[in-house]
Amino acid sequence: MNAHAHPQQQPHVLDNPVWTALTTRQSHLAEISALARKFPADIGPIAGFEAPTRAAYESLAELYSTGGIAAICLDAPPTDLPTHWQLIECAPLLQMIWTDTKLPPPSRDFIPLGAADAPEMLALATLTKPGPFAIRTHELGDFIGIRREGQLAAMAGERMRAPGYTEVSAVCTHPDHLGHGYATGLMVEIMQRIIARGETPYLHVRSANERAIALYHRLGYIDRRLFQLTILRKV
């Protein structure tokens, strides 16, 4: 994975985070073909394979009907895509990992979020675009939120899991409620739960989102590696 890695160096479990999640701690959720795996569509469009070969893309296509969307993490933009796939977007995606640093106080004002909140969670994620989100994404782990005057003002939760690691995800705030530190407080609460289980928090963020990256640095995250978030449509 790393051009400068020693030839004998073992890949890190986060070097291929989707494949790791769907072959280890979240294998029970995986929809599987010979060379590819994906989450169910109503959990999210995230999919992966062990290596981005033409055969793997063909195998991935078997898991989708026409018009289906696949979001995959690649080391480099895709080349030689089979005709099954149309490239919709390819954008730099930064993976960040938490280092053992002192955290600010978590939110004490949160509520757990679950199936009853799913439509409102999806609406907030659709509005704020924190990353791929669907009606059953909340089933991937703990999700918590803050309500103000009945409206879901902010939320944060967990998504992909690898041995020893859990991803912090869907950190977002409604535009009417920015500037109160809601998302940060919720994020710290989720992180503390992950740390209490003896795991390390990590996350993914679009490289263009400088404001979020600056916040994550302040919370003790460091840049780990750069992926290409690649969105494909089955044709």
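See the structure shown above.
Residues numbered from 1 in each chain as written. Predicted model: local features only at pLDDT ≥ 70, side-chain atom pairs only at ≥ 80, totals over all residues. Heavy atoms only, no water.

Asks: Can you walk me through the sheet that holds strand S11 (residues 221-234) in this structure?
Replies: Sheet strands pair by backbone hydrogen bonding; their relative direction is either parallel or antiparallel. Ordered by their spatial adjacency, 8 strands build an open sheet running S4-S11-S5-S10-S9-S8-S7-S6, and the pairing between neighbours is mixed. The strands lining the two open edges of the sheet, one partner per strand, are strand S4 (69-74) and strand S6 (111-112). The sheet contact formed by strand S7 (residues 143-148) and strand S8 (residues 151-162) spans 6 bridges and is antiparallel. If you follow Gly145 over to S8, its bridge partner there is Met155. This element, helix H2 (residues 54-61), spans S4, strand S5 (85-98) and S11 of the sheet and lies at about 150° to S4. (Pairing = 2+ DSSP bridges. Helix = DSSP H or I, 4+ residues; strand = E, 2+ residues; numbered from the N terminus. Contact = heavy atoms within 4.5 Å. Axes fitted to C-alpha atoms, helices over the stretch in contact; angles between N-to-C directions.)

Asks: Help me understand the pattern of salt bridges in this model?
Replies: Close approach of charged atoms allows side chains of opposite charge to pair. Counted by the stated rule, this structure contains 19 salt bridges. Two residues, Arg225 and Asp15, come together in a salt bridge whose shortest N-O distance is 2.9 Å. Note that Arg225 is positioned in strand S11 and Asp15 in the segment before helix H1 (17-23), a separation of 210 residues in sequence. Judged on exposure class, the residue Arg225 and its partner Asp15 are both buried. Residue Glu158 pairs with Arg161 through a salt bridge whose shortest N-O separation is 2.8 Å. The same class applies to Glu158 as to Arg161, namely buried. Taken together, the shared-partner salt bridges connect Arg25, Glu158, Arg161, Arg197 and Glu199 into one network. (Salt bridge = Lys/Arg side-chain N within 4 Å of Asp/Glu carboxyl O. Buried < 20%, exposed > 50% of the residue type's maximum accessible area, 1.4 Å probe, protein only.)

Asks: Looking at this structure, how should I read the environment of Met191?
Replies: Looking at the element boundaries, Met191 is found in helix H4 (residues 182-196). C-alpha separation for the pair Met191 and Gly141, spaced 50 residues apart in sequence, amounts to 12 Å. Residues within four places of Met191 in sequence aside, it is in contact with Trp98, Leu103, Val168, Pro201, Leu219 and Tyr221.

Asks: Before we go on, may I ask you to explain the side chain of Glu167 in this structure?
Replies: Within the element layout of this structure, Glu167 appears in strand S9 (residues 165-173). Among the residues examined, Glu167 registers a relative accessible area of 0% and is labelled buried. A polar contact is formed between the side chain of Glu167 and the side chain of Arg159, at a distance of 2.7 Å. Separated by 2.8 Å, the side chains of Glu167 and His204 make a polar contact. Contact partners of Glu167, with chain neighbours within four places excluded, come to Gly157, Glu158, Arg159, Met160, Tyr202, Leu203 and His204. (Polar contact = N/O pair within 3.5 Å; in protein donor to acceptor, adjacent residues only side chain to side chain.)

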